[in-house]
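Next come the chains, spelled out residue by residue.
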Amino acid sequence: MLQVDEIIRRVKSYQPAADSDIIKRAYDYSYRMHSGQMRKSGDPYFVHPASVAGIITDLRLDTASVCAGLLHDVVEDTLASSKDIEREFGGEIASLVDGVTKLSQINFTSKEDRQAENFRKMVVAMARDIRVLLVKLCDRVDNMRTLEFMKPESQERIARETMEIYAPLANRLGMASFKTELEDLSFRWLEPDAYHELSGAVTRTKRERDKYISDVCKTLSSRLAEQGFASDVTGRAKHLYSIWRKMQAQECGIDQIHDMIAFRVLVESVGDCYASLGVIHSKWTPVPGRFKDYIALPKPNMYQSLHTTVIGPGRERVEIQIRTHEMHRVAERGIAAHWKYKERHSGGVADSDAQRFGWLRQLMEWQKEMKDPAEFLEGVKVDLFQDEVYVFTPKGDVRVFPRGATPVDFAFAIHTDVGLHVSGARVNGKIEPLRYKLRNGDIVDVITSATQQPNKDWLEFVGTTRAKSKIRNHLRLEQRDKSLRLGRELLERELHKSGVSLSKLLKNDNELRRVIEELKVISAEEMFISIGYGKLSPEEARAVISPKLEAETATPPDSLREGRIEGLVRKVIKRDEDGIKLNGIDDVLVRYAKCCNPLPGDDILGFITRGRGVTIHRRGCSKAFDTDPERRVEIAWAEKAKINRAVQLRVVTANRPGILATVGHTFSAQGINISEANCRTGDDGRAVNLFSFVCADLSQLKNVMRALQKVQGVVGVERA
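Residues numbered from 1 in each chain as written. Predicted model: local features only at pLDDT ≥ 70, side-chain atom pairs only at ≥ 80, totals over all residues. Heavy atoms only, no water.

Student: I'm lost on the sheet that holds strand 10 (residues 430–432) in this one. Help?
Tutor: By way of backbone hydrogen bonds, the strands of a sheet pair with one another, either parallel or antiparallel. Taken in spatial order, the three strands line up as 10-9-11 in an open sheet, and their pairing is antiparallel. One side of each edge strand has no neighbouring strand; the edge strands of this open sheet are strand 10 and strand 11 (444–448). Strand after strand, the sheet turns through a mean of 35° between neighbouring axes, direction not considered. Examined bridge by bridge, strand 9 (residues 422–427) and strand 10 share three bridges and lie antiparallel to one another. Looking at strand 10, one finds that Arg 426 is bridged to Ile 431. Each of strand 9 and strand 11 is contacted by helix 20 (residues 407–414), which is oriented at about 85° to strand 11, the strand it contacts most. (Pairing = 2+ DSSP bridges. Helix = DSSP H or I, 4+ residues; strand = E, 2+ residues; numbered from the N terminus. Axes fitted to C-alpha atoms, helices over the stretch in contact; angles between N-to-C directions. Contact = heavy atoms within 4.5 Å.)

Structure representation (structure tokens):
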């Protein structure tokens with residue numbers, strides 16, 4: 001366990017004027033409050049906050065952050081309150097502890113929108129004081145290092161939210177060391193078989209690789225020294241997750257990954273970086289198209305470096321990164337390297353550095369714009385993961401977009417009105433379609449038309465969350481207007497049958513208020529829209545508007561007693577035994593979306609569709625977010641749901657005799673009968689196979705996927 005004297009010594013090494021007394025008091029207070037509590041590993045619980053404080057000192061953060069690390073679990077796990085922390089340690093530390101406590105309560109894989117809503121709070125908190133997120137990241141790193149003591153389901157849940165949220169956030173903050181460690185630790189628990197197989201393969205070649213690294217480092221160092229450059233040259237194998245991702249992307253085995261080793265050259269100045277690049281290229285042949293200048297065009301997370309790939313000794317591809325010592329410090333620690341110590345900490349960074357965190361301002365804008373928290377969270381996941389492309393406006397200004405962005409994304413980045421009316425683009429002087437994928441260095445000039453309007457097809461190819469959000473909002477407003485007109489027309493027609501005038505109702509304020517309250521809508525407009533959407537039937541509305549007349553002509557429908565939506569979707573049909581439950585009701589008319597083929601066990605969402613009951617999507621399906629959140633209903637699988645559904649798996653294999661038979665036998669061994677197979681071979685020695693079969697639930701699908709991944713010669717398995 002890390003002792004308080006060691007923590008104080010570390011803080012004093014980079015902040016000599018640090019208040020030792022408050023660190024010691026925070027250490028003692030946390031130790032006392034956590035006394036008697038144990039971790040899953042059997043260690044005293046206090047080992048964890050002490051370790052978190054140690055990680056914070058590695059980032060060289062301020063005294064308040066170190067104290068927050070020591071106290072971060074006190075409010076959540078002991079009898080101490082936020083007021084107690086404020087009284088003992090002051091408002092600044094209490095604010096940090098409170099922020100981290102709120103983040104600790106977020107479960108990103110929860111089915112509840114409330115949890116996605118909490119992520120909005122996290123965005124607001126970290127925009128106000130980025131130290132909250134830095135302390136939380138340190139907390140997550142320590143938890144991931146001790147994940148082996150958790151239950152398997154907890155391991156998978158925590159690893160997934162780490163991979164989806166915290167590793168990308170570390171990357172966006174420029175903290176490369178955190179990003180790689182969190183990715184590798186998550187990979188270990190999310191893909192255990194692939195992790196151990198890859199780890200073993202890398203370990204087996206370690207001696208040979210270490211010798212190669214040593215030889216190349218000596219050659220590089222001596223070559224640069226001959227030319228008068230003081231340099232520090234190191235080499236390392238790339239981290240496991242990045243190798244695995246490359247194997248997945250290229251659909252190949254580890255023996256076909258040629259650039260597993262990366263070398264880093266640290267020099268004194270920017271000029272030395274470019275001069276060293278010339279020395280390296282004169283020694284070894286550069287690979288065309290593999291040079292990237294992140295010094296002239298830094299990444300949004302402040303990362304700067306020159307990247308080149310050369311054909312090194314033994315005809316091996318070798319990646320070399322060239323940067324200054326200061327650039328390396330920023331690359332490893334990101335925003336933490338730019339920390340400015342002030343008399344009064346604001347939790348921010350210097351104004352010059354704030355420009356580099358435009359993505360954080362974007363998150364703030366999105367959380368204000370997007371009413372649907374689940375859509376916001378999904379958009380954040382997508383945007384945090386993307387690689388960037390750098391393009392130019394006609395005036396020469398640089399704009400950064402996620403890879404795969406289009407002229408439509410470019411247009412929305414300029415202004416919403418430009419995006420809504422973009423009809424084409426000139427890229428490097430040539431007219432290109434809206435689907436064109438932007439490339440590094442493109443000069444983009446968008447063309448607009450007053451008659452142009454977004455359509456649903458745009459959602460298929462745009463790449464940024466901003467563009468998708470604006471297009472969806474536009475389409476929803478269009479749909480809302482149509483539903484408003486349709487709903488009014490349907491209700492007017494229904495009331496006309498009973499001799500009731502809608503216009504008279506709308507003029508009678510007292511009667512209208514009664515109807516609105518009974519139907520539980522906000523306004524008459526909302527009532528029309530609900531009817532137009534299909535959430536409320538005209539007959540139900542008529543029963544409330546003219547109850548006496550309704551009582552004379554018909555028995556009040558069951559749907560009014562059980563709720564409008566539930567009544568609408570309840571149908572007298574063959575019951576889907578142990579299938580879907582809508583708010584506890586199980587006789588519902590459902591259809592399963594073909595875009596994502598949900599299975600029992602998948603997280604799901606329901607959307608009301610006119611005349612077709614409820615459409616079921618997998619949570620996270622991009623098509624689900626194209627629908628209006630107002631039509632969403634909370635839906636769940638019945639406890640013992642077993643529904644035979646057609647699914648597809650895409651299995652990439654080596655193209656060799658007998659592999660198909662082995663794969664077929666693996667399906668049979670899992671009790672699965674293949675109903676259709678589409679197999680094709682490529683020139684790269686691989687075969688892509690699409691298998692269709694009937695599956696009962698998610699666990700059965702996972703079992704067959706795991707079994708296929710263990711087959712020798714199978715390169716990749718994914719749900720199609």
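Picking up after the structure, the text goes on.
Student: What is the right way to look at the pattern of salt bridges in this model?
Tutor: In this structure the tally under the stated criterion is 25 salt bridges. Among the salt bridges present, the one from Arg 10 reaches Asp 58, with a minimum N-O distance of 3.6 Å. A residue pair is termed long-range when its members are at least 10 positions apart, and Arg 10 in helix 1 (residues 4–14) and Asp 58 in helix 3 (residues 47–58) qualify at 48 residues. Lys 211 is the salt-bridge partner of Asp 215, the closest N and O atoms lying 3.1 Å from each other. Of the two residues, Asp 215 and Lys 211 are both situated in helix 13 (residues 206–226); the distance of four residues between them amounts to about one turn of the helix. What makes Asp 215 partly exposed here is its relative accessible area of 35%. Each member of the salt-bridge network shares a partner with another, and the members are Glu 6, Arg 9, Arg 10 and Asp 58. (Salt bridge = Lys/Arg side-chain N within 4 Å of Asp/Glu carboxyl O. Buried < 20%, exposed > 50% of the residue type's maximum accessible area, 1.4 Å probe, protein only.)

Student: Explanation requested: unusual backbone geometry in the structure shown.
Tutor: What is expected of a backbone is that most residues other than glycine have negative phi and most peptide bonds are trans. Residue Arg 60 is not a glycine yet carries a positive backbone phi of 65°. Taking the relative accessible area as the measure of exposure, Arg 60 reaches 36% and is therefore partly exposed. With phi around 40°, Asn 597 is a residue other than glycine that occupies positive phi space. Its location among the elements puts Asn 597 in the loop between strand 13 (590–592) and strand 14 (604–608).

Student: Explain the packing of helix 9 (residues 131–145) against helix 11 (residues 176–190) here, please?
Tutor: Running from amino to carboxyl end, helix 9 crosses helix 11 at an angle of 35°, the nearest separation of the two axes being 10 Å. Once helix 9 is placed against helix 11, the crossing between them reads as left-handed. Facing helix 9, whose interface residues are Leu 137, Cys 138, Arg 140, Val 141, Met 144 and Arg 145, helix 11 presents Phe 178, Glu 181, Leu 182, Leu 185 and Ser 186. (Left-handed = near helix turned anticlockwise from the far one by under 90°.)

Remember, this is a structural readout, not a statement about activity or role.
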